[in-house]
Amino acid sequence: MKLDLARPGTRWRAVGAVLCLTLALAACSEEDLTEQGPPLSALPDTVVRIHYGRADADYRGWGLHLWDEGQALNLPRVVEWGSPWEASGRDDFGAVYDVPVKPGAISFNLILHQGDNKNCPNDQKVDLAQSGRELWLLQGDCTFYTKQPQIKVGNPAQAKAYWLTPDTLAWPGAAAGDRYRLYHAATGGISTGVGGVSGGEPVELGVETAGLAASVRERFPHLAGATALRLPAKTDARSLLRRQLVLARFDGNGRLLDATALQTAGVLDALYAEAAAEVPLGVTLEKGHPTFRLWAPTAQQVSLLLSDRPDGPETARALEYDPDSGIWSVRGEPAWMGRKHYRYQVEVFVRSSGRVETNRVTDPYSVALSADSTRSLLVDLDSAATKPAGWDSHPIPTLAAPEDISLYEMHLRDFSINDPTVPAADRGKYAAFDHLGSHGMRHLQALQQAGLTHLHLLPLNDISTIPERAAQRQEPVIDPNAAGDAEQQQAAVTAVQERDGFNWGYDPLHYNVPEGSYASDPDGIARIVEFRRMVQNLHRIGLRVALDVVYNHTPASGQDAKSVLDRIVPGYYQRLDEQGNVANSTCCANTATENAMMAKLMIDSAKLWARHYQIDAFRFDLMGHQPLAAMRRLKQEVDAIAGRDIYLYGEGWNFGEVQNDARFRQATQLNLAGSGIGSFSDRLRDAVRGGGPFDGGEDLLRRQGFGNGLCYDNRDGSACADWQREALLRAQDMIRLGLAGNLRDYLLTDYRGEQRRGEQFDYNGQPAGYTADPQELISYVGKHDNQTLFDIGQYRLPSATSAMARARAQIVSLSLVALGQGVPFFHAGDDLLRSKSLDRDSYNSGDWFNRIDWGYQHNNWAVGLPPREKNGDNWAVMKPLLADPALQVGPGAIAFTRDAFRDLLRLRQSTPLFRLRSAEAIKSRLSFPAAGPGQAPGLIAMRLDGSGWTEAVYRGVLVLFNADKVARTLDLPAEAAAHWRLHPVQASGSDPVVREAGFAAGRFTIPARTTAVFVLP
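Residues numbered from 1 in each chain as written. Predicted model: local features only at pLDDT ≥ 70, side-chain atom pairs only at ≥ 80, totals over all residues. Heavy atoms only, no water.

Convention followed: UniProt positions are given in the numbering used here, feature names are shortened, and annotations may be inferred rather than shown by experiment.
The protein is annotated in an unreviewed UniProt entry as Pullulanase-type alpha-1,6-glucosidase from Chitinimonas lacunae. The protein has a UniProt comment under Sequence similarities (unreviewed entry) that states "Belongs to the glycosyl hydrolase 13 family."

1. Examining the UniProt feature "domain: Glycoside hydrolase family 13 N-terminal" (unreviewed entry) in the protein
Put simply, the rule reads: Only DSSP runs of H or I covering at least 4 residues are called helices, and only runs of E covering at least 2 are called strands; the numbering of each starts at the N terminus.
Those residues carrying the UniProt feature "domain: Glycoside hydrolase family 13 N-terminal" (unreviewed entry) are residues 280-366 in this numbering. In residues 280-366, the share of helix is 0% and the share of strand is 57%. The end C-alpha atoms are 12 Å apart.

2. Details of the side chain of R644
This is how the line gets drawn: Exposure categories follow from relative accessible area, calculated using a 1.4 Å probe and restricted to protein chains: below 20% of the type maximum is buried, above 50% is exposed, and the middle band is partly exposed. Whenever two N or O atoms come within 3.5 Å, that pair is a polar contact, provided that in protein one can donate a hydrogen and the other can accept it, and provided that, for residues adjacent in sequence, both atoms are side-chain atoms. By the convention used here, residues are in contact when the closest approach between their heavy atoms is within 4.5 Å.
For R644, the location among the structural elements is in the loop between α11 (628-642) and β36 (647-650). Note on R644: relative accessible area 18%, which makes it buried. Within the local environment of R644, its side chain forms a polar contact with the side chain of D616, the two groups lying 2.8 Å apart. Once residues lying within four places of it in the same chain are set aside, the contact partners of R644 are I396, R544, A610, Q614, I615, D616 and D639.

3. Focus: the UniProt feature "domain: Pullulanase N2" (unreviewed entry) in the protein
If you check UniProt for "domain: Pullulanase N2" (unreviewed entry), the listed places come out as residues 158-269 in our numbering. From the first C-alpha to the last, residues 158-269 spans 21 Å; its make-up is 13% helix and 43% strand.

4. Quick word on the pairing of strand β45 (residues 939-945)
Working note: regular strand, side chains alternate between the two faces of the sheet. Inclusion rule: For two strands to pair, DSSP has to find at least two bridges joining them.
Taken across its seven residues, β45 has six buried, putting it largely inside the fold. Alignment of strand β44 (residues 926-927) against β45, held across two bridges, turns out to be antiparallel. Looking at the pairing, L926 lines up with L944 of β45. Taken together, the seven bridges between β45 and strand β46 (residues 956-962) define a ladder with antiparallel strand orientation. Directly across from I940, in β46, lies its bridge partner F961.

5. Brief notes about empty space enclosed by the protein
Worth spelling out the cut-off: A 1.4 Å probe that fits into a set of points on a 1 Å grid over the protein atoms alone but cannot get out defines a cavity; an open set with protein on both sides within 12 Å along at least five of seven lines defines a pocket, and lining residues are those with an atom within 4 Å of a point. Grid points are joined across faces, edges and corners, and a volume is the space filled by probe spheres set on the points. Amino acid classes used here: Ala, Val, Leu, Ile, Met, Phe, Trp, Tyr, Cys and Pro are nonpolar; Asp, Glu, Lys and Arg are charged; the rest, including Gly, are polar.
Tallied over the full model, the rule gives nine cavities of 30 Å³ or more. F220, Q263, A265, N595 and R663 are the residues nearest the centre of the largest cavity, which is lined by 19 residues in total. For the lining of the largest cavity, the secondary-structure elements that each account for two or more residues are β9 (161-165) and α5 (265-276). Ranked by residue count, the leading element in the lining of the largest cavity is β9, at three residues. Class assignment of the residues belonging to the lining of the largest cavity gives a composition of eight nonpolar, seven polar and four charged. In this structure, the second largest cavity spans a volume of roughly 160 Å³.

6. Points about the environment of D251
In this structure, D251 sits in the loop between β16 (244-250) and β17 (256-260). Its relative accessible area of 13% is what places D251 among the buried residues. Dropping the residues within four chain positions of it, D251 is found in contact with D178, R179 and L257.

7. Description of the sheet that holds strand β8 (residues 134-138)
Reading across the sheet, the four strands line up as β3-β4-β1-β8 and stay open at both edges, with mixed pairing between neighbours. Strand pairing shows two members of the sheet lacking a second neighbour, β3 (89-90) and β8, which therefore form its edges. As defined by bridge partners, strand β1 (residues 47-53) adjoins strand β4 (residues 95-100) across six bridges and the pair is classed as antiparallel. Paired with V48 across the strands is V99, a residue of β4.

8. Looking at the pattern of salt bridges
In plain terms, the rule: Salt bridge, as used here: a side-chain nitrogen of Lys or Arg that lies within 4 Å of a carboxyl oxygen of Asp or Glu.
In total, this model carries 65 salt bridges according to the counting rule given. Salt-bridge contacts for D621 lead to R619; the nearest nitrogen and oxygen are separated by 3.2 Å. Classification of D621 as buried rests on a relative accessible area of 8%. A salt bridge links K635 to D639; the nearest nitrogen and oxygen atoms lie 3.0 Å apart. With a gap of four residues between them, K635 and D639 both fall in helix α11, about one helical turn apart. Overall, the relative accessible area of 18% leaves K635 in the buried class. By relative accessible area, which is 19% here, D639 ends up buried. What emerges from the salt-bridge pattern is a single network uniting D548, R619, D621, E651, K783 and D785.

9. Observations regarding the packing of helix α15 (residues 789-796) against helix α16 (residues 803-818)
We count it as follows: Lines are fitted to the C-alpha atoms to define the axes, a helix being fitted only along its stretch in contact, and any angle between axes, read from their N-to-C directions, falls within 0 to 180 degrees. In this scheme, roughly parallel covers angles under 35 degrees and roughly antiparallel covers those over 145, while 65 to 115 is roughly perpendicular and the rest are oblique. A crossing counts as left-handed when the near helix is turned anticlockwise from the far one by less than a right angle, and as right-handed when that turn is clockwise.
With their axes 10 Å apart at the nearest point, α15 and α16 run at an angle of 125 degrees to one another. As far as their axial angle goes, α16 and α15 are oblique. Both α15 and α16 take part in a crossing whose hand is right-handed. Between α15 and α16, the residues in contact are L789, F790, G793 and Q794 and R806, Q810, S813 and L814, respectively.

10. Here we look at the state of the cysteines
Going by this rule: Any pair of cysteine sulfurs within 2.5 Å is marked as a disulfide.
This structure, assessed with the given rule, holds three disulfides. Disulfide pairing is shown between C120 and C142; the S-S distance is 2.0 Å. A torsion of 100 degrees about the S-S bond marks the disulfide between C120 and C142 as right-handed. Here C142 lies in the loop between β8 and β9 and C120 lies in the loop between β6 (117-118) and β7 (124-127), a separation of 22 residues in the sequence. Each disulfide pairs two cysteine sulfurs, and for C587 the partner residue is C588, the sulfurs being separated by 2.3 Å.

11. Observations regarding the pairing of β46
Summarising burial for β46: seven of the seven residues are buried, a large majority. Burial along β46 is two-sided: G956, L958, L960 and N962 facing one way and V957, V959 and F961 facing the other are all buried. By the bridge criterion, seven bridges tie β46 to strand β51 (residues 1010-1016) in an arrangement that is antiparallel. Counterpart to N962 in the pairing with β51 is T1010.

See below:
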């Protein structure tokens, strides 16, 4: 039975049987149902009624996708995307959806949609305590109304249509047979309703029946099927773009059907980007005079506001506008340098408010700031005052090839905030790196001497979440004697987490200025000098510096006080969804690096850090949200300005509104092959750790991996089941592929005996192998995200596993990174069994849960239940573990891990066979004996052939990774006549157990939980 909700006379009897069944009404029949349906008061208390009103009164295909956490909905069937919860009927307002819920229900989630067309682009949560049992939704509106609103026709606060080129507009889903007008008004005031459009001046548009031009479809693939509209010839597009714009759609009788604002990034690029591309933005010195330049093509007026103090009175100077580039500029005085603070006053129409706003904003190209980023500061980064002694001539450690890189990831504050050997005033600051004799610096020097090349530092640009003046901060007071499974530690941390000195820093406010909270004085140039001295000191001990950068989002957008870019050119720098809302798939307000001037800002910023701060490598947060073309251009320009190779790597995850190249070719794992840009591989990570990064509940315990007991040491003590054996062998194949650089065309015989290329192995529906060169792989088993490697082991290793066995398991897992092809990446403290007390996301968990002890006495295990916000759902699983004294590890296990890790670095440096520089070299020199269907669970063998290569040092290297809890033997008859011996690093190294490994007559013996490396001299 089908209900045509487009017909006003449709009666409820068409869905009567379903309604009766769903609501369990005792005396209900089709004849009882009226056109309006039963009033809500006649229905059970366990029914929530949702009304939906559309201006076009067409409800065909619109339904509810419903889900909850298992405690609210009481549906008689499974609601899937393809079979939504249908309307129960229709009333004078529109469609009516009656949703049965359980007694005491608190909330549930919904998406109102028609196929893939969503009424609101975001998932919506119904909070029954706020909405009650009845609520209303309007077409294209994400608001839940608790009283019946007036039906709208159009919404000038939304932007569902696009201005793409000077003469072309596009409106997805709009009918080509309708009529279109573009209304414009200098100061706003355009409104729409059932009576039509009020305010503004109209421009009649034509319809391009052939659709968008091929070049436009190529540039905007997500709009390929949109209705194309044509502006009249000689339309002054530049002038219109500085006004309020509303596109209206009418039927043949002149009735308004819909109206929307425009997304204008496309036409802004078409009009201004080429002329603005090579113009330096921000402040540049020209014959000693500072010249200020701001790109703001939609602004009606821009002024420069100058002050002598960060909080002092401001004087205004008007800027001149260049209509070709969209840049406003003014020339200043030489005496201003180093003395004046400044902001811009931008008068610009803002869609969200519907009027011209006067915004006072800092310079997005600021190179210096006052404390808490209130005003920009005029500073010349080439001036001697901004440089520590010897800065210009200090040597930078050399690097022969990207494959020689090894990375150690650290948060700046973690490095020293708890180090008693650093003076108290310098702890948690750039200046901590001045103290070469501190515990932390001695640790870094030891790692460098063992072979580490790069220190990766979490974001250090100006961030929005840490009060920069120490007097404004508040640190938690925590009882050090509180129980290891207590809640009070996290309660103390969360009580002040928005006022303390800790945050990971993935909330960039200004991209080109060092964070002020890490400086001795957040005002002035101290942050610049001290940041440079930190880099200089790291270079002095032989470490290059990799900087974490976050160009994929900003902390806020719109008229928010922490919004910079969006208050200058509203709607341009942020990526918008199909309704014109700022997309937030990255966590926050996404940026649109596919737009020319946002890409320019990203590239210019990276060039500044490379030139002025001597940064040696960049790690890009959520790099997959950026175009591959922009990343390639960035690489080329950064290398040119630095005069050396700057390594780029990042997160090539594929998700969100740009997923699967929906808007542009992304810098994702599968697209990066051949680019030379590295991406983190989740393939080997998951195979070693087990499960995935979003595991919760019992899965945290059950989903073991190669490194923590899958099949060979089940957590519950059970024998290995067939499915577990198969899962382990599949994981071992994934690890082998990772050891081979995750090459897409590496040939590997899998556990079933089939020979396949890397790209033919499956990882969650994607090709497992995706690189074309080893430098494109970042191999890791732990980083700042998710639980530490040690904490995952605490979940998954059997509870009876000794502290030393846990340490050995940790080293086996780390060895799969250290001795594989590609670029190895290590989380700071993983070499010390670092724990965050099971915290899965410590971004705002304070110093307490993020502590590192460079004195090697404590690993921070069991310092309380981690913060409820990110971990509360799993407290029941965590609590017994944190309370178990048998799971503690002491200084002995920590020292073992520290020393064994350094041996791994020495092994990697001992021969270039661990650092092969091409796919061809890997394919010809790396093999996996004893792979295929006969392989042993828990044991992986890897052979590297050095024959014919003098620089290889050894004729052959054989690495045996034994994750098992017992010693294993491996027979390789083909090696019976060879003279394999234990690698000198291990033969004279820190681990006495590995020295028990042996070889005789083709048989290798490997101790439990040991990685043994044999060589042929």
